[in-house]
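# Fold and contact review
In case you want the letters, here they are:
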Amino acid sequence: MCPTTTPRPADPAVAVPRPVARIRLLLLALAAIDAIALLLFLIRYFTQHAAFARWVADAPFYASLVKTNGISEAELYALYSTAAVHVVITALFLWLAHVITAPRPSRRIRVTVVLILSAAFNAVASLAPAAGPAQQAVMAVSLCLKLAALWLLWGNRQTATFFAPSRP
């Protein structure tokens, strides 16, 4: 690992403000919710496979894959790609919850980028009929938590002071 990417521990002398501690809790909750969403997706895949197969067959973004490789290959691709995205996002939330307490401006930007990208992913995924109502409810709760975290990151004076660049 190169020295510029190695995470440095937070300075114990710097007190973590309450909004940053709440952001950390929100990130941990989002990791848990994303893992639950993956579990619900897998349950729906294995219990209602015909509905999932219809969704893959009708989805425009899988059309070329269905034509070239067949429906079973497209289903597997949809399953693995969705699972991989959920695992990566869950891992990112866990990592960000670990490093958010360091007062560096780049941490706030990284959290913001991950929150926005995962919210966009949830918006696209929630439109899929294969998601099911339980998974859509989980995604709605997740979106509310992401908006709360974004508000705490950018709409709070204590957070802005905590993540402000330090002047030598």
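Residues numbered from 1 in each chain as written. Predicted model: local features only at pLDDT ≥ 70, side-chain atom pairs only at ≥ 80, totals over all residues. Heavy atoms only, no water.

Here the focus is the packing of aromatic side chains. The tally for this structure, following the rule as stated, stands at four aromatic pairs. Summarising the aromatic geometry, the rings of tyrosine 45 and phenylalanine 52 are spaced 4.8 Å apart at their centres and angled 90° between planes, so their arrangement reads as edge-to-face. Residues tyrosine 45 and phenylalanine 52 agree in their burial class; the two are buried. Seen from their ring centres, phenylalanine 162 and phenylalanine 163 are 5.0 Å apart, and the 80° between their planes marks the pair as edge-to-face. Relative accessible area serves as the criterion here: at 1%, phenylalanine 163 is assigned to the buried category. (Phe/Tyr/Trp six-rings, centres within 6.5 Å; stacked < 30°, edge-to-face > 60°. Buried < 20%, exposed > 50% of the residue type's maximum accessible area, 1.4 Å probe, protein only.)

Turning next to helix α2 (residues 49-58). Restricting attention to buried positions, one finds in α2 the residues Phe52, Ala53, Trp55 and Val56. Down the axis, α2 shows its buried residues gathered within 160° of arc, on one side only. Residues Arg54 and Asp58 are exposed on α2 and point more than 90 degrees away from its buried face. Where α2 is buried, its residues contact α1 (18-47), α3 (63-69) and α4 (71-99). (Helix = DSSP H or I, 4+ residues; strand = E, 2+ residues; numbered from the N terminus. Arc of directions from axis to C-beta. Contact = heavy atoms within 4.5 Å.)

Residues Leu27, Phe93, Ile100, Val111 and Leu115 are the most contacted members of the largest nonpolar core, which totals 21 residues. Of all the elements in the fold, those that place two or more residues in this core are α1, α4, α5 (105-126) and α6 (132-154). The element contributing the most residues to this core is α1, with six residues. Leave out the neighbours within four places in its chain, and isoleucine 100 touches Val20, Ile23, Arg24, Leu27, Arg107, Val111, Phe162 and Phe163. Core analysis: the second largest hydrophobic core is formed by ten residues, Tyr45, Val56, Ala78 and Leu79 among them. (Core = buried A, V, L, I, M, F, W, Y, C linked by side-chain atoms within 4.5 Å.)

Turning next to the side chain of aspartate 34. Summarising the element assignment, aspartate 34 is placed in helix α1. Among the polar contacts listed, one links the side chain of aspartate 34 to the side chain of threonine 90, at a separation of 3.1 Å. Among residues more than four places away in sequence, those in contact with aspartate 34 are His86, Ile89 and Thr90. (Polar contact = N/O pair within 3.5 Å; in protein donor to acceptor, adjacent residues only side chain to side chain.)

Here we take up the side chain of serine 118. Inspection of the secondary structure puts serine 118 in helix α5. Apart from the residues lying within four places of it in its own chain, the contact partners of serine 118 are Ile89, Phe93 and Lys146.

This part is about the confidence of the model for the chain. Per-residue confidence for the chain gives a mean pLDDT of 83, with 86% of residues at or over 70. Of the regions scoring below 50 in pLDDT, residues 4-9 engages in five contacts with residues more than four places distant in sequence or in other chains. (pLDDT = per-residue confidence, 0-100.)

Together, Ile109, Val113, Leu117 and Trp154 make up a nonpolar patch on the protein surface, roughly 410 Å² of accessible area in all. Per element, the largest residue contribution to the nonpolar patch is three residues, and it comes from α5. The topology assignment puts valine 113 in helix α5. (Patch = residues over 30% accessible without salt bridge, like charges linked within 9 Å, V, L, I, M, F, W, Y side chains within 5 Å. Areas by Shrake-Rupley, 256 points an atom, 1.4 Å probe, with all protein chains shown as cover. Salt bridge = Lys/Arg side-chain N within 4 Å of Asp/Glu carboxyl O.)

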